[in-house]
Amino acid sequence: AAPRADAASALQFDAVAAKNRPVSKVITLLKDMLKQLEKEAEEDEEIYDKMACWCETNDKEKTKAIADAQARIEDLTSKIESYTAMSARLGTEIKNLEKE
């Protein structure tokens, strides 16, 4: 019975010592790092989803604003051409009236 008690205590001693071995410490450290990386990955995914939503919404708004501005530019360009022609016509009429 004595050898078994010695074997059991030796196994118990090895289990305690195993926790303090450098390899065990490294394994524990790696497991902790894995948990931290998984947590950070979840946080990054949430931030990515928010940014993707913001970018999509912002892109739609800016695209519409650009289209509206281009339509306004075309409208103003045609008005400028119209007013330039009217100015030239009125300038000619003024010269003709001054000659009379």
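Residues numbered from 1 in each chain as written. Predicted model: local features only at pLDDT ≥ 70, side-chain atom pairs only at ≥ 80, totals over all residues. Heavy atoms only, no water.

We now examine the overall build of the protein. For the protein, the count of helices and strands is two helices and zero strands. Evaluated residue by residue, the protein yields a buried proportion of 0% over its 100 residues. Entry remark: accessible area of the protein is about 9400 Å², with carbon and sulfur atoms responsible for 61%. (Helix = DSSP H or I, 4+ residues; strand = E, 2+ residues; numbered from the N terminus. Buried < 20%, exposed > 50% of the residue type's maximum accessible area, 1.4 Å probe, protein only. Areas by Shrake-Rupley, 256 points an atom, 1.4 Å probe, with all protein chains shown as cover.)

Residues Val-26, Leu-29, Leu-30 and Met-33 make up a contiguous nonpolar surface patch of roughly 370 Å² in combined accessible area. Mapped onto the elements of the fold, Met-33 is located in helix H2 (residues 22-99). (Patch = residues over 30% accessible without salt bridge, like charges linked within 9 Å, V, L, I, M, F, W, Y side chains within 5 Å. Salt bridge = Lys/Arg side-chain N within 4 Å of Asp/Glu carboxyl O.)

So, about the pattern of salt bridges. The final tally for this structure, using the stated rule, is four salt bridges. With a closest N to O distance of 3.7 Å, Lys-60 and Glu-56 form a salt bridge. Residue Lys-60 and its partner Glu-56 are located together in helix H2, separated by four residues, close to a single helical turn. Among the salt bridges present, the one from Asp-68 reaches Lys-64, with a minimum N-O distance of 2.9 Å. Placement of the pair is Asp-68 and Lys-64 together in helix H2, with a separation of four residues, close to one helical turn. Residue Asp-68 is classed as partly exposed on the basis of its relative accessible area, which comes to 42%. A relative accessible area of 55% places Lys-64 in the exposed class.

The next subject is the state of the cysteines. Scanning all chains against the criterion turns up zero disulfides. Not engaged in a disulfide, the cysteine Cys-53 finds its nearest cysteine sulfur in Cys-55; these two sulfurs lie 9.3 Å apart. Exposure remark for Cys-53: the relative accessible area of 48% places this residue in the partly exposed category. (Disulfide = S-S within 2.5 Å.)

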